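Given next are the chains, with one letter for each unit.
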Amino acid sequence: MDCPRCRQAMEVHMLDGHLGRDVEVDLCEPCQSLWFDGKENLQLTPGSILELFRAIGEHVRKPELRDGELVKCPRCKAGLRRTKDMQRNTRFEYFRCPNDHGRLTAFFDFLKEKDFIRPLTPQQIADLRKNIKIVNCSNCGGPVDLAKGSACAHCGSPLSMLDMDQAERLVAQLRVADRGSKTVDPALPLALARARAETESAFKGLPGHDPWAREGWSMGLVGAGLTELMRLLKRDS
Ligand SMILES: [Zn+2]
Ligand SMILES: [Zn+2]
Ligand SMILES: [Zn+2]
């Protein structure tokens, strides 16, 4: 399938859904988005959410400024509608077909929807401000001038980072369900723990020494966290 936003070929990911169903998710690397047919985003099991989390980590790159209004449904060509939603205290959005064929969700919004993202604390913002001036927004790629505030002036997203809690919860859930050997990469728990430690220490020292920090600011903090996590997973496997 071609991406409804940028028209490039999407990569198909087959995942496990509830009740033994297969869920097909299309991933677009150039515009950093996922397409779900119908309501398949609700069919994902904890294992497939983790798998998508990992697929995002392997494809994440510096976000580009996007023009979402050009998006059309790949099935019926109707204009997709920008839809705002809320998950706990996190706002996220996606583009949905008015005829219910599916929805296009940016990586960043998928991570928000599934609880993988949290805003920086005031303390973290203060630590960051001591060391750097500008960080790119994880949502739209726009530069955020830390002297002027902690939200992106272009899209309004608060500065955010990856929250490993959710990934750790999913891993724990899968282990309880005793399907761990099949669905959880044995290296994942350790990599998550390391990524958490390095992400948190990145606010203290900085910048230059740590590869996380160097790549980090241009990719946005969320992309940097994901890149670091994937680097750790590769080293262990
Ligand atoms: Zn695309
Ligand atoms: Zn449609
Ligand atoms: Zn932004």
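Just so we're clear, the structure is a prediction, and the values are computed from it rather than from any experiment.

1. Some thoughts on the overall build of the chain
No. 1: Each helix and strand counted, the chain has seven helices and 10 strands in total.
No. 2: Relative to its 237 residues, the chain shows a buried fraction of 41%.
No. 3: A fraction of 60% describes how many contacts in the chain between residues 6 or more apart in sequence connect residues 24 or more apart.

2. Quick notes on the packing of helix α1 (residues 46-59) against helix α4 (residues 164-176)
No. 1: Viewed as axis vectors pointing N to C, α1 and α4 meet at an angle of 140°, and their least axial separation amounts to 9 Å. With respect to their mutual orientation, α1 and α4 come out oblique. Here the hand of the crossing between α1 and α4 comes out left-handed. The segment α1 lies against α4, with P46, G47, I49, L50 and F53 engaging A167, L170, Q173 and L174.
No. 2: Partitioned by chemical class, the residues of the contact of α1 with α4 number seven nonpolar, two polar and no charged.

3. Points about the packing of α4 against helix α6 (residues 188-201)
No. 1: As a packed pair, α4 and α6 sit with axes 10 Å apart at the nearest point and diverge in direction by 165°. It follows that α4 is roughly antiparallel to α6 by the angle criterion. In this structure, α4 meets α6 at a crossing whose hand is left-handed. Here M164, A167, E168 and V171 of α4 lie close against α6, whose contacting residues are L188, P189, L192, A195 and R196.
No. 2: Looking at the contact of α4 with α6 residue by residue, the class counts come to seven nonpolar, no polar and two charged.

4. Remarks on the sheet that holds strand β5 (residues 90-96)
Hydrogen bonds between backbone atoms are what pair the strands of a sheet, whose relative direction is either parallel or antiparallel.
No. 1: Strand order in the open sheet formed by six strands is β1-β2-β3-β6-β5-β4, with antiparallel pairing between adjacent strands. On the outer flanks of this sheet lie β1 (11-16) and β4 (81-87), each paired with one strand and no other. Looking at each pair of strands side by side, their axes are set apart by 30° on average, direction ignored.
No. 2: Note that strand β2 (residues 22-28) and strand β3 (residues 33-37) share four bridges and pair antiparallel. Its bridge partner being in β3, D26 is matched across the sheet by W35.
No. 3: Most of the contacts of α1 go to β1, to which it runs at about 155°, and overall it touches β1 and β2.

5. Focus on α1
No. 1: With 14 residues, α1 extends 20 Å from end C-alpha to end C-alpha; this agrees with the ideal 20 Å at 1.5 Å per step.
No. 2: All of the buried residues along α1 are G47, S48, I49, L50, E51, L52, F53, I56 and G57.

6. Considerations on the pairing of strand β6 (residues 102-106)
No. 1: Extensive coverage of β6 is indicated by the burial of five of its five residues.
No. 2: Alternating positions in β6 separate into two faces, G102, L104 and A106 on one and R103 and T105 on the other, with burial throughout.
No. 3: As paired elements, β3 and β6 share five bridges and run antiparallel to each other. Residue pairing in the sheet places L34 in a bridge with T105 of β6.
No. 4: In this structure, β5 lies alongside β6, joined through two bridges in antiparallel fashion. Bridge pairing links F95 to L104 in β6.
No. 5: A loop of five residues connects β5 with β6, the two strands running antiparallel in sequence, and D100 in this loop sits at a positive phi of about 60°.

7. Describing α4
No. 1: Relative to the 18 Å expected for 13 residues at 1.5 Å per residue, α4 spans 19 Å between its end C-alpha atoms, a close match to the ideal helical length.
No. 2: Of the positions making up α4, those classed as buried are M164, A167, L170, V171 and L174. Down the axis of α4, the smallest arc covering the buried residues is 125°, so these residues share one side. Residues of α4 that are exposed and angled more than 90 degrees away from the buried face: R169 and V176.

8. Re the pairing of β1
Across a regular strand the side chains alternate sides, sitting on one face of the sheet and then on the other.
No. 1: Pairing between β1 and β2: six bridges, direction antiparallel. For M14, the partnering residue across the bridge sits in β2 and is E24.

9. Overview of the nonpolar core
No. 1: Judged by nonpolar contacts, the single largest core of 55 residues is most densely connected at F53, I56, F107, L111, L162, A167 and V222.
No. 2: Examining the composition of this core, we find that seven residues originate from one element, helix α7 (residues 211-236), more than from any other.
No. 3: Excluding its chain neighbours within four sequence positions, the residues that come into contact with I56 are F107, L111 and L226.

Rules of the game
Residues numbered from 1 in each chain as written. Chains lettered and ligands numbered in written order. Predicted model: local features only at pLDDT ≥ 70, side-chain atom pairs only at ≥ 80, totals over all residues. Helix = DSSP H or I, 4+ residues; strand = E, 2+ residues; numbered from the N terminus. Buried ≥ 20, exposed ≤ 12 C-beta atoms within 10 Å, placed from the backbone. Contact = placed C-beta atoms within 7 Å. Axes fitted to C-alpha atoms, helices over the stretch in contact; angles between N-to-C directions. Parallel < 35°, antiparallel > 145°, perpendicular 65-115°, else oblique. Left-handed = near helix turned anticlockwise from the far one by under 90°. Nonpolar A, V, L, I, M, F, W, Y, C, P; charged D, E, K, R; others polar. Pairing = 2+ DSSP bridges. Expected span 1.5 Å × (residues − 1). Arc of directions from axis to C-beta. Core = buried A, V, L, I, M, F, W, Y, C linked by C-beta atoms within 7 Å.

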